[in-house]
Every structure is written in C-alpha cells, then in structure tokens.
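What follows is each chain in one-letter form.
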Amino acid sequence: MLEFLARFGETLLYTLRDVTPIVVILVVFQVGVLRRRLPNIGGIATGSVMVLLGLALFLIGLEQALFPIGETMARQLTETAGASALADAVRWEDYWLVYLFAAAIGFATTVAEPSLIAVALKAEEVSGRAVNAWGLRIAVAVGVAVGVSLGCFRIVTGTPLPWYIVAAYIIVIVQTYLASRTIIPLAYDSGGVTTSTVTVPVVAALGLGLAANVPGRSPLIDGFGLIAFASVFPIMSVLGYAIVAERVERWRSRRERQEVES
C-alpha cells in the first residue's frame, strides 16, 4: 500500500507538471485577453482536481495492467505459433492466431475509445442523424481491426513499414476524390481519434511484445508502427463505407424512379 501511494504521489506530481501549462494558458487568455471572469470557478477547480486524479490513476493503470497484459498475450500467442524456431524458419501463416487476436483487440478497444464516442455523437447531432453514431464507430473499429492485424503481419514478416503506409495513403487519396465532400473531414478526424487513451497503450504493448518474441525481430525497429496502421486504416474504412452507402442510395433512388415511371 505504501509503495502504491508513493508511486501515485510521484505520478500525480508529473501529471500536475504536464497539465499546469494548459491551465495557465486558458486562464491567461480568459482573463488577460478576453478580459472576462472565469465562470463557475468552483466547478472548474473540482473538475481540474478530478482530471489530475484520473490521469494519475490512468497512467498507473497503464504501467501496472495494460502494458503487461499486451506483452504477455503477445508472448503466449507467439509461443503457440512456434516462436522458438530459428529466425529463418519463421513462417507468417503460423501466426494466424496473433492476427486474429490483433483484429479482435483493435476492434474492441476502438469501440470503447472515449474520443471516438464523443466525435461520433457530435457528428450524429450536427448532421441531424444523417450520420449514425454506432455506424461510424463500427466502421472505424473495423478499419483499426484490419490495420492492427496487417501491422502484426508486417512485424512477423519483417517487411518495411513504408511500403504499407505509402500504399494505404495512395488508396486514401483515391477514395478522397470518390467520396462525398461532407464525409471527408469526418473520415480524416476518425483516423486521429482512434489513437487515444484506450487503443494506443494496448496496441503499442502488443507490437512491442510481438517483436520481442518473434525470432529475428527487434522491438525498437519492428515493435513500433502499429499506431500508424491504426490511424490510416480507419480513414480508409470510413471513406469506403461512405462511398458504398452513397452508391447504394443512388441505386435505390434510381430503382424507385423506374418503378414510379413504369
């Protein structure tokens, strides 16, 4: 208990140091530039304390739970794939369970991502429910699942990361020209909000644990890069979903007109 309190106090001090500049900037602009008093000072103070405590506990939770779990799962999965073999004997098809787990964990963490939930709800509200919050979250989660799984395939095979990222962004550029202008900004934002508090720690731990346990792979060289997959593939999935939905809607409208005319 004493060890936990000491660790919590140290983390709380680090969190206070990181959050203080943000609070100072907001207060200076509100009072010095806008020349207006802070509204609801009591509520702001209470919320700030909750943010500090929550961030400190969250960081401790990452260190004590999420990172070790991700690394342990990666190690156990690679052991079932025969990771004890020599580096030149590594076969990508032996790690199918790793790809399946990566897709599942990518989907689950993205659906639970608070920042994505906030963006999806706002998009539904602003669009007058033309954008479905759950549909957007599922589309983004599918993109992350595919991206993280493909990223694990890259780690196992040892192929260069730029090949995947360049190819992915070429597809995104093509999709951008084909998709409706109303969905493009939301799709690009969807790629950013996935890499946040829930997804990043688990995915990063998975990549590092996998690279550390696959023969011939380096955690420093091969372990990182999954976050890049988790950022670009949601853009692809949302744009692809929008393009398909628009085509289906046009087909339905054309069919209804033909039925009316006939």
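A brief look at the structure comes next. (Residues numbered from 1 in each chain as written. Predicted model: local features only at pLDDT ≥ 70, side-chain atom pairs only at ≥ 80, totals over all residues. Heavy atoms only, no water.)

Concerning the overall build of the chain
Each helix and strand counted, the chain has 9 helices and 0 strands in total. In sequence order, the chain lays out its α and β elements as α-α-α-α-α-α-α-α-α. Looking at the chain as a whole, 35% of its 262 residues qualify as buried. Pairs at least 24 apart in sequence give 79% of the contacts found in the chain among residues at least 6 apart. Within the structure as shown, the chain displays about 15400 Å² of accessible surface, and the carbon and sulfur contribution to it stands at 68%. Distance between charge centroids for the chain: 10 Å, based on 19 positive and 19 negative side chains. (Helix = DSSP H or I, 4+ residues; strand = E, 2+ residues; numbered from the N terminus. Buried < 20%, exposed > 50% of the residue type's maximum accessible area, 1.4 Å probe, protein only. Contact = heavy atoms within 4.5 Å. Areas by Shrake-Rupley, 256 points an atom, 1.4 Å probe, with all protein chains shown as cover. Lys, Arg positive; Asp, Glu negative; His and termini not counted. Charge placed at Lys NZ, Arg CZ, Asp CG, Glu CD.)

Quick look at a nonpolar patch on the surface
Side chains of Val24, Ile25, Val28, Phe29, Val33 and Leu34 sit close together on the surface and give an oily, nonpolar patch of about 560 Å² of accessible area. For Ile25, the position within the fold is in helix α1 (residues 2-33). (Patch = residues over 30% accessible without salt bridge, like charges linked within 9 Å, V, L, I, M, F, W, Y side chains within 5 Å. Salt bridge = Lys/Arg side-chain N within 4 Å of Asp/Glu carboxyl O.)

So, the packing of aromatic side chains
What describes a pair of aromatic rings is the distance from one ring centre to the other and the angle between the planes of the rings. Counted according to the given criterion, the structure contains 3 aromatic pairs. Between Tyr99 and Phe153, the aromatic rings sit 6.1 Å apart at their centres with planes inclined by 65°, giving edge-to-face as the arrangement. Residue Tyr99 is found in helix α3 (residues 96-111), and its partner Phe153 is found in helix α5 (residues 133-157); the two are separated by 54 residues along the sequence. Judged by relative accessible area, which is 22%, Phe153 ranks as partly exposed. Judged by centre distance (6.0 Å) and plane angle (15°), the rings of Phe229 and Phe233 are stacked. Here Phe229 pairs with Phe233, and both are found in helix α9 (residues 226-261), just 4 residues apart, close to one helical turn. The same class applies to Phe229 as to Phe233, namely buried. Here the aromatic cluster, defined as three or more aromatic residues joined through ring pairs, consists of Tyr164, Phe229 and Phe233. (Phe/Tyr/Trp six-rings, centres within 6.5 Å; stacked < 30°, edge-to-face > 60°.)

Quick look at the nonpolar core
The biggest cluster of nonpolar side chains holds 44 residues, and the ones touching the most others in it are Leu136, Val148, Cys152, Ile183, Leu210, Val238 and Leu239. Per-element tally for this core: the top contributor is α9, with 11 residues. If sequence neighbours within four positions are ignored, Leu210 has contacts with Ala74, Thr78, Val98, Cys152, Ile155 and Val156. (Core = buried A, V, L, I, M, F, W, Y, C linked by side-chain atoms within 4.5 Å.)

Overview of the environment of Gln175
Structurally, Gln175 is set in helix α6 (residues 161-178). Residue class for Gln175 comes out buried when judged on its relative accessible area of 13%. Remark: the alpha-carbon pair of Gln175 and Val238, spanning 63 residues in sequence, is separated by 9.8 Å. Sequence-distant contacts of Gln175, defined by excluding residues within four places in its chain, comprise Ile235, Met236, Leu239, Gly240 and Ile243.

Points about helix α7 (residues 184-193)
Along α7, the residues that are buried comprise Ile184, Leu186, Ala187, Ser190, Gly191 and Val193. Next to the buried residues of α7 lie α4 (114-126), α5, α6 and α9.

Let's talk about unusual backbone geometry
A positive phi angle is found at Asn40, which is not glycine, with a value near 55°. Here Asn40 is to be found in the loop between α1 and α2 (41-80). Asn40 sits in the exposed class, given a relative accessible area of 58%.

What to know about the pattern of salt bridges
According to the stated counting rule, one finds 5 salt bridges in the structure shown. In this structure, the salt-bridge partner of Arg17 is Asp18, at a minimum N-O distance of 3.4 Å. For Arg17, a relative accessible area of 53% corresponds to the exposed category. Of the residues examined, Asp18 reaches a relative accessible area of 47% and is grouped as partly exposed. What you see here is one network of salt bridges that share partners, running through Glu246, Arg247 and Arg250.

So, the side chain of Arg154
Along the chain, Arg154 turns up in helix α5. Buried Arg154, no salt bridge; nearest opposite-charge side chain is Asp222, N-O distance 4.3 Å. With residues up to four places along the chain from it excluded, the contact list for Arg154 reads Thr159, Pro160, Leu161, Tyr164, Asp222, Phe224 and Phe229.

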